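The chain contents come next:
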Amino acid sequence: MYKTHFNKHIARLAFALLLGTTALTSCNDFLDVRPKGENLEADQFKTPAGFEAAIYGVYGTMQSGSLYGMDLYWGLTDVMAQDLANSNDALGSDALAKYQYNDDDYLRNRLASIWATAYQTIGYANNVLKNLQEKQKADFPLYNLYKGEMLAVRAYLHFDLLRLFCSTDPTKRGIPYTTTYEAKINEFKKVGEVYSLIIKDLQEAEQLLAEEKDAIVYPRNNGQYFKFQNFRETHCNYYAVLGMLAKVYWMQGDMDNAAKYAQMVIDSKKFPLVEPNEVQNVFAGKLSDCETLWGLYSTSYLQTVKSYLYTFQSFHSFNPYTDESGVSHPMPYDKVYAQDIDATSQDFRLQWFKKGNQTVNLYKTVDIYTLDEREMAPKDWKDRIDGINILHVSELYLIAAEALLDKNYDKALEYFQAETSSRGLPALRAGKTLTKEMIFNEYHKEMFGEGQVWYNMKRLNRDIQSNVELRTIPASENIYVLPIPVDEFNYRN
């Protein structure tokens, strides 16, 4: 059903992306095509359908391999977190796993592609916002949704660039925060300034999207008059923005606001945690009807995971570290999941891993039922939306637990145990106290293979248990701050 809805926008989406490529040409080319491009753009944004096509174009770019289709999902930071092993020379993964960011041309090109594609996508979002400013709200019934979504996308992309390429010190150099769609140089801002701008955009998005607060329900209702208001989990919706604010404040160290926004999502009761017997498939290349706050519709992601996660290929695929390879690693995947539990406990998340001959594959985000027809798919499988889970509620339970631990222990424990029990784990034994270390370990288990563990390690400035070098690497900015691509500075010069 969603595929039919989405495919109606494909032709318009391609046209919207064509308009966006104008921003990537040289200065002279830009001047040559600008009059023609401006006329095309004026036609594009005359109607709600044109705006919606451009917005779908933004989401389409976000699922590229340099962004959430691979690198900003599990392809980059899960290698840095020492959760996934990869020896593909063409990706520079060996240098990445050893934090030798400047020593490999392939890796430098890969980081440059992440930087450029993120800012390209920000530019597309800014183009939508620019054209919205020129319209009357009365002529566009979903004006607030269009604007709120694009502000949130802009904020989130800046957030991930900040987390990758900058220090956690608010006084140090951050990144350019781009709010216009034009060929100009944007100044670098300090980390703290960038956080303020991210929060500003998200808070405005929160206000704009609040009008859909009551329309998003569980079970989901996709019978809205305006098609754009259906399948809101594929849009940067109101509750996704609340979840983003929780993550931003948490990363920044503002636990009061992190708890506030995480609880707003949890207490809405619109995103229930799944039962243990549903955990295996909750994020398996489909968006969850229960837990997904926001995800990207994608049919191309299936081929990416088929190549890199589903099928084992030496020097190509991404695989969890395992001692079955004959090497004793400091933190192989099974040791991650053995932390803080009894030997008799059953963690249903271990179903995400499939053992092979001295190897292990991670199927957490892989639609194995489409790739292998011999697998018995759940009865509603074809009705679920293909795609990439960007933000889900289980993460917010753990953010809330940590944020409340020192101020409201009982509530923190309640959130923690709600999340762990949904994954099949028993309640803490009587007399055992929940700690921040236990929450960190649980976050590692829950977010394994989704690119978020590295950011949590960076937030806490943790030493790294290197599965590549078989040693502990002391935390430092040399490890946790990736170099901004040199082209950014050459361009400015």
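Residues numbered from 1 in each chain as written. Predicted model: local features only at pLDDT ≥ 70, side-chain atom pairs only at ≥ 80, totals over all residues. Heavy atoms only, no water.

## A short note on the nonpolar core
For soluble globular proteins, the rule of thumb is that nonpolar side chains tend to be buried together. Put simply, the rule is: For our purposes a nonpolar core is just a set of buried Ala, Val, Leu, Ile, Met, Phe, Trp, Tyr and Cys residues, chained together by side-chain atoms within 4.5 Å. The buried label goes to any residue with under 20% of its type's maximum accessible area, the exposed label to any with over 50%, and the partly exposed label to all in between, with areas taken from a 1.4 Å probe on protein chains only. Where helices and strands are cited, they refer to DSSP runs of H or I of at least four residues and of E of at least two residues respectively, numbered from the N terminus.
Membership of the largest hydrophobic core comes to 152 residues, with the highest contact counts inside it found for Trp74, Trp294 and Trp454. Sort the elements by how many residues they give to this core and helix α9 (residues 143–165) lands first, with 15 residues.

## Notes on the packing of helix α4 (residues 48–62) against α9
Our working rule: Between the N-to-C directions of two axes lies an angle of 0 to 180 degrees, each axis being a line fitted to C-alpha atoms and, for a helix, fitted only over the stretch in contact. Any angle between 65 and 115 degrees counts as roughly perpendicular, while under 35 counts as roughly parallel, over 145 as roughly antiparallel, and the rest as oblique. Take the far helix as the reference: if the near one is turned anticlockwise from it by less than a right angle, the crossing is left-handed, and if turned clockwise, right-handed. Two residues form a contact once any of their heavy atoms are found within 4.5 Å. The residue classification treats Ala, Val, Leu, Ile, Met, Phe, Trp, Tyr, Cys and Pro as nonpolar and Asp, Glu, Lys and Arg as charged. All others, Gly included, are polar.
Here α4 crosses α9 at 20°, and the two axes come no closer than 11 Å. Accordingly, the angle class assigned to the pair α4 and α9 is roughly parallel. In this structure, the crossing between α4 and α9 has a hand that is left-handed. In contact with Pro48, Phe51, Glu52, Ile55, Val58, Tyr59 and Met62 of α4, α9 contributes Tyr146, Glu149, Met150, Val153 and Leu157. The residue makeup of the contact of α4 with α9, split by class, is ten nonpolar, no polar and two charged.

## Thoughts on the packing of aromatic side chains
Condition: The pairing test for Phe, Tyr and Trp rings, Trp by its six-membered ring, is centres within 6.5 Å, and the orientation test on the planes gives stacked under 30 degrees, edge-to-face over 60, and tilted for anything in between. Should the NZ of a Lys or the CZ of an Arg lie within 6 Å of a ring centre and within 35 degrees of the ring normal, that charge is described as sitting over the ring.
Counting across every chain of the model gives 32 aromatic pairs. For the pair tryptophan 74 and tyrosine 308, a centre-to-centre distance of 6.5 Å together with 55° between the ring planes defines the contact as tilted. You can see tryptophan 74 sitting in helix α5 (residues 71–75) and its partner tyrosine 308 sitting in helix α13 (residues 301–310), a full 234 residues away along the chain. Classification of tryptophan 74 by relative accessible area gives buried; the value is 1%. Between tyrosine 337 and phenylalanine 448 the ring centres are 6.0 Å apart and the planes differ by 45°, which places this aromatic pair in the tilted class. You can see tyrosine 337 sitting in helix α14 (residues 333–338) and its partner phenylalanine 448 sitting in the loop between α18 (436–447) and α19 (453–460), a full 111 residues away along the chain. For phenylalanine 448, a relative accessible area of 1% puts it in the buried group. Of the aromatic side chains, those joined through ring pairs into one cluster are Phe45, Phe51, Tyr56, Phe140, Tyr146 and Phe228. The residue whose ring lies beneath arginine 163 is tyrosine 455, and the NZ or CZ to ring-centre distance is 3.8 Å. Between the NZ or CZ atom of arginine 462 and the centre of the ring of phenylalanine 440, over which it lies, the distance is 3.7 Å.

## Some details on empty space enclosed by the protein
For clarity, the threshold we go by: The pocket and cavity definitions rest on a 1 Å grid over protein atoms only: a 1.4 Å probe that fits but cannot leave marks a cavity, an open set with protein on both sides within 12 Å along at least five of seven lines marks a pocket, and residues lining either have an atom within 4 Å of a point. Grid points are joined across faces, edges and corners, and a volume is the space filled by probe spheres set on the points.
All told, the structure shown has seven cavities of 30 Å³ or more when counted by the stated rule. Within this model, the largest cavity holds a volume of roughly 110 Å³. Taken together, Glu212, Ala215, Ile216, Val217, Arg220, Asn221, Asn222, Gln224, Gln229, Phe231, Arg232 and Glu233 form the lining of the largest cavity. Each residue belonging to the lining of the largest cavity can be placed in one class, and the counts come to four nonpolar, four polar and four charged.

## Focus on the layout of surface pockets
Of the pockets and cavities examined, the second largest pocket occupies roughly 520 Å³. In terms of lining residues, the second largest pocket is bounded by 25 residues, among which Ala85, Asn86, Ser87, Asn319 and Tyr321 are the most central. Breaking the lining of the second largest pocket down by element, the ones donating at least two residues are β1 (84–85), α7 (93–97) and β5 (319–320). Partitioning the lining of the second largest pocket into residue classes produces twelve nonpolar, twelve polar and one charged.

## What about a negative patch on the surface?
Note the following rule: Patch rule: a residue counts if its relative accessible area is over 30% and it has no salt bridge; like charges are joined within 9 Å, and nonpolar side chains (Val, Leu, Ile, Met, Phe, Trp, Tyr) within 5 Å. Note on areas: Shrake-Rupley with a 1.4 Å probe; residue coverage comes only from the protein chains shown. For this document, the term salt bridge refers to a Lys or Arg side-chain nitrogen within 4 Å of an Asp or Glu carboxyl oxygen. Neither His nor the chain ends is counted toward charge; the positive residues are Lys and Arg and the negative residues Asp and Glu. Think of each charge as sitting on NZ of Lys, CZ of Arg, CG of Asp or CD of Glu.
The grouping of Glu275, Glu278, Asp289, Asp380 and Asp383 at the surface amounts to a negative patch. Topologically, glutamate 278 is positioned in the loop between α12 (255–268) and β4 (292–297).

## Focus: the pattern of salt bridges
Tallying each qualifying case throughout the model produces 29 salt bridges. Between arginine 349 and glutamate 442 there is a salt bridge whose closest N-O contact spans 2.6 Å. Of this pair, arginine 349 sits in the loop between α14 and β6 (353–355) while glutamate 442 sits in helix α18, placing them 93 residues apart in sequence. Exposure class is identical for arginine 349 and glutamate 442. Each is buried. Between glutamate 469 and arginine 471 there is a salt bridge whose closest N-O contact spans 3.1 Å. Looking at glutamate 469, the relative accessible area reads 28%, which means it is partly exposed. Ionic contacts of the salt-bridge type, sharing partners, join the residues Glu291, Asp347, Arg349, Glu419, Arg423, Glu442 and Glu446 into one network.

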